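For reference, the chains in residue letters:
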Amino acid sequence: MESPGPDVVEVNVFGPGFGECVLVHLGSGNWMIVDSCEGEDHEPAALKYLTSIGVDPATAVKLIVITHWHDDHVRGIGKVVRACTSSQVCFSAALGKEQFVEAMYVRDTNGPGRLSSGVREIRAVLECVAGRKGSVIYSMANTIVLQMPAAALAHGENCEVRTLTPSGKQFELAMEAIAGLMPTLGQTRSRATAQSPNHLSVVTWVCVGEVAVLLGADLEERSDPATGWSAVAALPPFPAERAQVFKIPHHGSATGHSDRIWNERVADAPIAVVTPWSRSSGLPSLDDVKRITSLTPNAFATSKGLRGQRSKRLPAVERQLREMGVKISSALPKMGHVQLRRKASAWVVSLSDGACLLQELL
Amino acid sequence: MPNTQTQSLNDFFDDARGERLERFQLTVVQPRHLVHDGVGDTPVSDDERAILGLGDSGRVRMMPRSQGSATSGLSFAALQEWEGFVLRIGQDAFLARLRDVTFDGDHEDEEVELPLSDVSDSDRDLLREGALFRWVIGYQKSRAGTTRRLSQVVFRRLPAWTRADFAVAKAKTKELVGLLTAS
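Just so you know, these numbers come straight off a predicted model, no measurement behind them. (Residues numbered from 1 in each chain as written. Chains lettered and ligands numbered in written order. Predicted model: local features only at pLDDT ≥ 70, side-chain atom pairs only at ≥ 80, totals over all residues. Heavy atoms only, no water.)

**A word on the state of the cysteines**
Residue and element names in this part refer to chain A.
Step number 1: Summed over the entire model, instances satisfying the criterion amount to zero disulfides over all chains.
Step number 2: With no disulfide of its own, Cys159 lies 7.7 Å from the sulfur of Cys207, the closest cysteine sulfur.
Step number 3: Judged by its relative accessible area of 3%, Cys159 falls in the buried class.
Step number 4: Cys356 takes part in no disulfide bond, and the closest cysteine sulfur, belonging to Cys37, lies 16 Å away. (Disulfide = S-S within 2.5 Å. Buried < 20%, exposed > 50% of the residue type's maximum accessible area, 1.4 Å probe, protein only.)

This is the structure we're talking about:
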């Protein structure tokens, strides 16, 4: 692959079936990253891609947004932040509070041993930023986190990135959830696991001139006007008003859907990208695929959501597994990649490594 | 007489990096009628016998029986071992992420849904989201030569969080937040 020209806006969505990462070229060699995932080689997708096209992450990446700390969004994010030495880091204001940091340290001290954890990744990020004597940008609803003037960009358009969440109420709910993350004295040590509902997820609006990209993270709708997509829909109009590209929230689930967002904040027939989630019964469901493809013909998936093949074991182990009726699957199928390049008002879509039209999941 | 027999085995594993893994107790609960001497009820192929004969090669490790074990003369050779944590608990099974300990995998690359019935009664109170466990498949051998293939899921009885853990975390938090806000 070749590096996009300086006047080209490029959106890359990576997803191996578990996890996601979005990498955006804002113009003139300036990039931003939202979340991180790894493929079979355990390299963060964003770093691998940038390196493959000859871009130095240390100087090119200006902003890293961490939408929340769940495993499927932060795998390798510590490595990403360490490599992107000139980047600002942004995440939910709730994660910057002492309550979260303290719970993070308690959980990660003598916690999961060599097993990874999302909390450990956030710790790596915070300690890296602190070591650089840097600071974190804390996200709240409608907060501008990056601005680049038209004069500095080859396409001659202003660039602005703003976070749309959390709302005030969502911040409070996130703090309550964080309190639950803190173990109690005497509790047996265990690994921190994802909390539901997720009130931490940071939604991002990327605007380059008239082009807008809505990155939905894992935000869900809870039928509460003060939280979720209802709260986003109630915000004043953003620059460019309607998104031409929509990273579908929460792996395409029904709980991530909002009619108001599709009707009021997204362009007609937008390019929609889903990052499937291959665990358990998986997402998106067939109904989800039908719903999304009925809303736009330009819907894509980063992978077919299939689980990868695991390695072969000793014959006796294979026999034991068969007798138990237990199936082990690879948690890291091949990394799919949806690439969108925009130049002269047209988007060119490239699908690679298992990425496909969403309707192929039907 | 109880119809099951419990055998406790100590974990003496060093991983391939020479790193001493946290010691834990492997508890094997098995039907009493299967604990007997004589001809093994599970055939063992030549290649498996060869593997068993390798001893502590890094792939197969003989676990000595612990002193004062309820059943004497039993040893356990692990063919395959994973370290895992519980992602979600369902009605009949739990979903877990696994790290291959036998082949020294550095990452949790695999997932499995294990039946709740594979969790021994003594471990039920440890089964919760985020709980860590070991899963071992191997051969149990008696002194008389009986060999049985076994799968054991053993939840780790990790120590509880202590006041010291909280105190250290508080101090680290103060330092980190101080560094971040000073910038």
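**Details of helix H6 (residues 118–131) of chain A**
Every α-helix winds through 3.6 residues per turn, so residues three or four apart in the chain are directed the same way.
All names here are of chain A.
Step number 1: Between the first and last C-alpha of H6 there are 20 Å, a value that for 14 residues agrees with the 20 Å anticipated at 1.5 Å per step.
Step number 2: Most of H6 sits out of view: ten of its 14 residues are buried.
Step number 3: Within the span of H6, buried status applies to Gly118, Val119, Glu121, Ile122, Arg123, Val125, Leu126, Cys128, Val129 and Ala130.
Step number 4: Just past H6, the residue Lys133 takes up positive phi, approximately 60°. (Helix = DSSP H or I, 4+ residues; strand = E, 2+ residues; numbered from the N terminus. Expected span 1.5 Å × (residues − 1).)

**Focus: the confidence of the model for chain B**
All names here are of chain B.
Step number 1: The predicted model of chain B has a mean per-residue pLDDT of 68, with 58% of residues at 70 or higher.
Step number 2: Taken together, the stretch residues 1–71 has pLDDT below 50 and engages in 153 contacts with residues farther than four places along the chain or on a different chain.
Step number 3: Interface confidence in the predicted complex, given as ipTM, is 0.83; pTM for the same model is 0.80. (pLDDT = per-residue confidence, 0-100. Contact = heavy atoms within 4.5 Å.)

**What about the pattern of salt bridges?**
All names here are of chain A.
Step number 1: Under the definition given, this model contains 26 salt bridges over all chains.
Step number 2: In this structure, Lys79 and Glu43 form a salt bridge, with 2.9 Å as the shortest nitrogen-oxygen distance. Taken together, the residues Lys79 in helix H4 (residues 77–83) and Glu43 in the loop between strand E3 (30–34) and helix H1 (45–52) connect sequence positions 36 residues apart.
Step number 3: Taking the relative accessible area as the measure of exposure, Lys79 reaches 33% and is therefore partly exposed.
Step number 4: Residues Glu160 and Arg162 are paired through a salt bridge, measuring 2.6 Å at the closest nitrogen-oxygen approach. Assigned by exposure class, Glu160 and Arg162 land together as buried. (Salt bridge = Lys/Arg side-chain N within 4 Å of Asp/Glu carboxyl O.)

**Some details on the packing of helix H5 (residues 98–108) of chain A against helix H7 (residues 168–181) of chain A**
A packed helix pair is summarised by two numbers, namely the angle formed by the two axes and the spacing between the axes.
Residue and element names in this part refer to chain A.
Step number 1: At a minimum axis distance of 9 Å, the contact between H5 and H7 shows a crossing angle of 25°. Here H5 lies roughly parallel to H7, going by the angle between them. With respect to the hand of their crossing, H5 and H7 are arranged in left-handed fashion. Taking contact as the criterion, the partners of Gln99, Phe100, Ala103 and Arg107 in H5 are, on H7, Met175, Ile178 and Leu181.
Step number 2: Of the residues that constitute the contact of H5 with H7, the class distribution is five nonpolar, one polar and one charged. (Axes fitted to C-alpha atoms, helices over the stretch in contact; angles between N-to-C directions. Parallel < 35°, antiparallel > 145°, perpendicular 65-115°, else oblique. Left-handed = near helix turned anticlockwise from the far one by under 90°. Nonpolar A, V, L, I, M, F, W, Y, C, P; charged D, E, K, R; others polar.)

**So, the sheet that holds strand E9 (residues 204–208) of chain A**
All names here are of chain A.
Step number 1: What the eight strands build is an open sheet, ordered E7-E8-E9-E10-E11-E12-E13-E17; its pairing is mixed. The open sheet is flanked by strand E7 (143–148) and strand E17 (356–357), the only strands paired with a single partner.
Step number 2: Taken together, the two bridges between strand E13 (residues 299–301) and E17 define a ladder with antiparallel strand orientation. Each bridged residue has a counterpart across the sheet, and for Ala301 the counterpart in E17 is Cys356. (Pairing = 2+ DSSP bridges.)

**A few points about the nonpolar core**
One broad rule of soluble globular proteins: the nonpolar side chains tend to lie buried together.
Residues and elements named next belong to chain A.
Step number 1: Of all hydrophobic cores here, the largest spans 56 residues; its most connected members are Trp31, Ile33, Ile64, Ile66, Trp69, Met104 and Leu126.
Step number 2: Counting residues per element, this core draws most heavily on H6, which supplies seven residues.
Step number 3: Those residues within four positions of Ile64 in sequence are excluded, and the remaining contacts are Ile33, Ile77, Val80, Val81, Cys84, Ser87, Gln88, Val89 and Cys90. (Core = buried A, V, L, I, M, F, W, Y, C linked by side-chain atoms within 4.5 Å.)

**Quick notes on the sheet that holds strand E5 (residues 88–92) of chain A**
All names here are of chain A.
Step number 1: Spatially, E6-E5-E4-E3-E2-E1-E15-E16 is the arrangement adopted by the eight strands of the open sheet, whose pairing is mixed. Two strands bound the open sheet, and with one partner strand each, they are strand E6 (136–139) and strand E16 (346–352). Recorded for the sheet is a direction-independent mean angle of 15° between the axes of neighbouring strands.
Step number 2: As judged from the four bridges shared by strand E4 (residues 61–66) and E5, these two strands associate in the parallel manner. Note that in E5 the partner of Ile64 across the bridge is Val89.

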